[in-house]
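Read off the chains here:
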Amino acid sequence: MVIPIEFTKEYIEENSPKENQLFSGFLKSGEPYKSIFKNNPWLIPPDTSKPLEWGKGMYWDTTVARKHDYWKDFDLPQPTKDINVMRQNILEWGYCLVEDAMSEEQCERFISRIHQQARGEKLAGVNAKSSTGQYLHSLINKGQVFRECIEQNPNSVQAGPLIEQILNETLGYGWICHSFLSNGADPGGYPQGMHMDQGPLLPWVTEEAPALFNTMYIPQDVNEENGGTLLIPGSHKIFMEAGSGGEIGKLPPTINLEAKAGTIMLFDGRVFHGTGVNRTDKQRFVATMSNVKSWMRQQENWVLTVSPEVLKNASPKLLHRMGMQALTYGSTIEGFGMGSAGKYNEASGLIKNFRIALEEGKYIRVGQLSEDSSEEELNQEFTVSKIYKLNKEELEG
Ligand SMILES: [Fe+2]
């Protein structure tokens, strides 16, 4: 077989110098990080093979806003229950603090489950380590309280309805969960590198609105001592103004987030932030549930990770938030889901029964077929042909 020379690896390489590659000026610009680090070397992440340096003005070496020389006179977001104030805070500063979003009892249930789980995972030798501290992944399988948070159920998060409203406004109806995990800052840990959560989209900044919106559950007091999240208030605006692929000049300093147990921080996916350094002798936990548009790929592969028991008992909302409602542009299986809008309990998009068939070893895929296929091959009980009917029967009870 003679392959045309134009299709050979050597020819392609020879004809693909960097300057001829498509969109490379933009896609490989390295912005905004290139200019951020050039103009703000204090934002360069630490070398985790060396002790952390203090007293040199690095981004982790800061304090809470009210004690910060630069930030203390700014009118930064304060904890509030007022949705209109939250809207203003989000637009102006890129975040807001929902006061008492979890009641004392809800908070206690949340943090005690986190602590038990953290100890259990250590004992089982499955504790996820990061340079900042212990992480607890896939909270969906680790307690009813977390599942109810994913549903924004007032039984576990009393501000749930308000948070849903803000998410509907920022991401549009049909948004789904990107992940829900607990982020530990351990004594002796390092700060996380400053980043924006929708960073994978860079150098696109999405100048008009965020493509990801995060909800940070704060089940214990956080401050400058125990690793309160590092933030540059209003940084989303600086990125918006620079635009996609734009360069960033000198940035304002970071603060440590200060918040009481029970607060939930809502923040725009374009705000520059990172886990702070815990200088106490106790672990500090928060939990982040980021959310994305309905068709985006999720950080957590919920379709695989969710346990059979949780899946079996999941509410229509929980299934939807996991990305279990396929729609034309997301999560289709063998074409199933195309034409669906991705609504709760839409029989034409609910993919739960594919997962169950897979678990039971009964998933029969449509493979290679032709007019020469045998009767047996052609008459298989293909799963894709059965799911819609099965869904309809289940949903109509
Ligand atoms: Fe983040």
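Provided above is the structure to which this section pertains.
Residues numbered from 1 in each chain as written. Predicted model: local features only at pLDDT ≥ 70, side-chain atom pairs only at ≥ 80, totals over all residues. Heavy atoms only, no water.

## Focus on the coordination of the iron ion
Within the protein, His195 (NE2), Asp197 (OD) and His273 (NE2) serve as the donor atoms for the iron ion, at 2.1 to 2.2 Å. In primary sequence terms, the donor set of the iron ion follows H-x1-D-x75-H. You can see His195 sitting in the loop between β4 (176-185) and β5 (212-218) and its partner His273 sitting in strand β9 (residues 273-274), a full 78 residues away along the chain. (Donors = N, O, S within 2.8 Å, 3.2 Å for Na, K, Ca; no water. Helix = DSSP H or I, 4+ residues; strand = E, 2+ residues; numbered from the N terminus.)

## Quick look at the packing of aromatic side chains
Inspection of the entire model under this criterion finds 17 aromatic pairs. Centroid distance Trp71 to Phe74: 4.9 Å. Interplanar angle 55°. Geometry classified as tilted. A centroid spacing of 6.2 Å and a plane angle of 90° characterise the contact between Phe74 and Trp93, whose relative ring orientation is edge-to-face. Of this pair, Phe74 sits in the loop between α3 (33-39) and α4 (83-93) while Trp93 sits in helix α4, and the two are 19 residues apart along the sequence. In this structure Phe74 comes out as partly exposed when scored by relative accessible area, which is 37%. Here Trp93 falls in the buried class, since its relative accessible area comes to 11%. Through pairs of rings, three or more aromatic residues link up here, namely Tyr33, Phe37, Phe239 and Phe272. Looking at Arg279, its charged tip hangs above the ring of Trp54, at a distance of 3.6 Å from the centre. (Phe/Tyr/Trp six-rings, centres within 6.5 Å; stacked < 30°, edge-to-face > 60°. Buried < 20%, exposed > 50% of the residue type's maximum accessible area, 1.4 Å probe, protein only. Lys NZ or Arg CZ within 6 Å of the ring centre and 35° of its normal.)

## A look at helix α12 (residues 352-359)
Within α12 the residues assigned to the buried category are Lys352, Asn353, Phe354, Arg355 and Ala357. For α12, the elements touching its buried residues are α9 (302-305), α10 (308-313), α11 (316-321) and α14 (383-395). (Contact = heavy atoms within 4.5 Å.)

## Examining the packing of α4 against helix α7 (residues 160-171)
One way to put it is that α4 packs onto α7 with a least axis distance of 11 Å and a crossing angle of 40°. One way to sum up the angle between α4 and α7 is to call them oblique. As α4 runs across α7, the sense of the crossing is right-handed. Facing Ile83, Met86, Arg87 and Ile90 of α4, the residues of α7 in contact are Leu162, Gln165, Ile166 and Glu169. (Axes fitted to C-alpha atoms, helices over the stretch in contact; angles between N-to-C directions. Parallel < 35°, antiparallel > 145°, perpendicular 65-115°, else oblique. Left-handed = near helix turned anticlockwise from the far one by under 90°.)

## Let's talk about the sheet that holds strand β7 (residues 255-256)
The antiparallel open sheet is built from three strands, whose spatial order is β7-β6-β9. Strands with a single pairing partner mark the edges of an open sheet, and in this sheet they are β7 and β9. (Pairing = 2+ DSSP bridges.)

## Remarks on the pairing of β5
Counted residue by residue, β5 has seven buried out of seven residues, so it is predominantly covered. The pairing of β5 with strand β8 (residues 263-268) spans six bridges and is classified as antiparallel. Considered in β8, the bridge of Thr215 is made with Leu266.

## Quick notes on unusual backbone geometry
The step from Glu31 to Pro32 runs through a cis peptide bond, and the omega angle for that step is 5°. One can find Pro32 in the loop between α2 (24-27) and α3. One non-glycine residue, Gln152, adopts positive backbone phi at about 55°. Looking at where Gln152 falls in the secondary structure, it is placed in the loop between α6 (144-150) and α7.

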